[in-house]
Amino acid sequence: CYLRGIKGHLQFYVPLSNLTQNGEFDSPMTRKLMVFDLDGTVVDSRLDLCTGVNLMREDYSLGPLTLDTVCSYVGNGVRRLVERALSDAATAPDTDEAVARMKTHYLAHMLDETSVYPGVPAALARLHEEGLCLVVASNKPEGPSRRICEALGLGGYLDLVLGGDSCPNMKPDPEPLLAAARHTGTELTGAWMVGDNYTDLGAGRRAGFQRCFCRYGFGVAGDETFDLAVDSLGDFADAILEAPEGS
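Along each chain, residue indices are assigned from 1 in the same order as the chain's sequence is written. The model is predicted, so local features are restricted to residues of pLDDT at least 70 and side-chain atom pairs to those at 80 or more, both for listing and for counting; the totals for chains, interfaces and linings are taken over all residues. Processing note: side-chain calculations cover all non-hydrogen atoms of the structure and skip hydrogens and water entirely.

1. Some remarks on the packing of aromatic side chains
Right, so step 1: Pairing of aromatic side chains requires ring centres within 6.5 Å, counting the rings of Phe and Tyr and the six-membered ring of Trp. Pairs whose planes differ by under 30 degrees are stacked, by over 60 edge-to-face, and all others tilted. As enumerated under the stated definition, the model contains four aromatic pairs in all.
Right, so step 2: Measuring from centroid to centroid gives 4.9 Å for Tyr-117 and Tyr-216, while their planes differ by 70°, and the two rings are edge-to-face. Within this pair, whereas Tyr-117 is found in the loop between strand E3 (115–116) and helix H6 (120–129), its partner Tyr-216 is found in the loop between strand E7 (210–214) and strand E8 (228–230), the two being separated by 99 residues in sequence.
Right, so step 3: Assessed through its relative accessible area of 10%, Tyr-117 is described here as buried.
Right, so step 4: Taking 5.6 Å as the distance between ring centres and 75° as the angle between the ring planes, the aromatic pair formed by Trp-192 and Phe-236 counts as edge-to-face. Taken together, the positions of Trp-192 in strand E6 (residues 192–195) and Phe-236 in helix H10 (residues 233–241) put the pair 44 residues apart, joining distant regions of the chain.
Right, so step 5: The structure contains a cluster of three or more aromatic residues connected by ring pairs, namely Phe-36, Trp-192 and Phe-236. Each helix is a run of H or I in the DSSP string that is no shorter than four residues. Each strand is a run of E no shorter than two, and both are numbered from the N terminus. Type-normalised accessible area, obtained with a 1.4 Å probe on protein chains alone, sets the label of each residue: buried when under 20%, exposed when over 50%, and partly exposed for intermediate values.

This is the structure:
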């Protein structure tokens with residue numbers, strides 16, 4: 001798995017003095033790893049995703065989709081989102097062209113209405129202050145994922161941000177989670193995957209992580225199981241920080 005611009009990530013989030021020549025952490029102690037999904041877990045991006053999708057559809061003379069319909073298409077990366085959003089076209093548009101159009105529209109509007117869920121900054125701050133390693137792993141492309149985290153003031157809490165194009169395979173493949181552990185120097189034991197969709201839970205299961213399902217998001221658990229379900233990220237922070245030592 002490769003991490004495009006990995007030193008750029010790490011230079012932004014951590015001092016370069018903490019890195020080895022391989023771009024990995026050189027830490028005297030191993031921190032617990034917490035991996036968070038982005039859309040539907042850390043940020044509420046529904047309105048801007050819907051705007052991007054419907055502007056793309058307008059390019060093909062298609063009418064707008066409802067917010068609920070667009071949200072039901074989210075979770076498997078931008079290409080799958082575009083394919084689903086254009087499934088009613090009489091003649092299927094070129095997918096590569098449509099993806100490019102979607103990216104252009106979304107990039108122009110991705111911070112119009114997107115906001116962090118209530119309690120997210122405080123929860124991340126608490127976990128960060130306790131020395132936990134915090135990573136965002138989204139199926140959204142890496143560039144927009146990082147821009148959103150930075151623009152909404154979350155960058156200072158995060159050790160790494162991964163997108164759907166950071167590794168050859170995206171969630172529910174475990175590869176992004178394993179890459180997060182490798183490039184932050186953390187162990188898989190005690191690691192958590194926190195998300196609102198079956199893709200997050202599936203990736204966590206395959207990586208051997210404990211899984212937390214965020215009921216407040218706009219994804220679905222599907223047939224996936226989880227170790228904890230929460231109604232806010234603050235609830236997750238409470239569960240982690242109040243857990244008995246060694247658990």
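More follows now that the structure is in view.
2. Examining the environment of Tyr-216
Right, so step 1: Sequence separation of Tyr-216 and Tyr-117 is 99 residues, and the distance between their C-alpha atoms is 9.0 Å.
Right, so step 2: We call two residues contacting when some pair of their heavy atoms lies within 4.5 Å. When neighbours within four sequence positions are excluded, Tyr-216 is seen to be in contact with Gly-40, Thr-41, Tyr-117, Val-230, Asp-231, Ser-232 and Leu-233.

3. Re the pattern of salt bridges
Right, so step 1: Whenever Lys or Arg places a side-chain nitrogen within 4 Å of a carboxyl oxygen from Asp or Glu, that contact is recorded as a salt bridge. As enumerated under the stated definition, the model contains 15 salt bridges in all.
Right, so step 2: The partner of Asp-200 in a salt bridge is Lys-171, and the shortest N-O contact between them spans 2.7 Å. Of this pair, Asp-200 sits in helix H9 (residues 198–207) while Lys-171 is found in the loop between strand E5 (160–162) and helix H8 (175–184), placing the two residues 29 residues apart along the sequence.
Right, so step 3: Assessed through its relative accessible area of 1%, Asp-200 is described here as buried.

4. A few points about the sheet that holds E8
Pairing between the strands of a sheet comes from backbone hydrogen bonds, and it takes one of two forms, parallel or antiparallel.
Right, so step 1: In this description, strands pair whenever DSSP reports at least two bridges between them. The strand order across the open sheet formed by six strands is E5-E4-E1-E6-E7-E8, and the pairing between neighbours is parallel. Both edges of this open sheet fall to E5 and E8, since each of them pairs with a single strand only. Between one strand axis and the next, the sheet turns through 20° on average, direction left out of account.
Right, so step 2: Two strands pair when backbone bridges link them, and strand E1 (residues 33–36) and strand E4 (residues 133–137) are joined in this way by four bridges, in the parallel orientation. Bridge pairing in E4 places Phe-36 opposite Val-136. Here, axes are lines fitted to C-alpha atoms. For helices the fit covers the stretch in contact, and angles between N-to-C directions go from 0 to 180 degrees.

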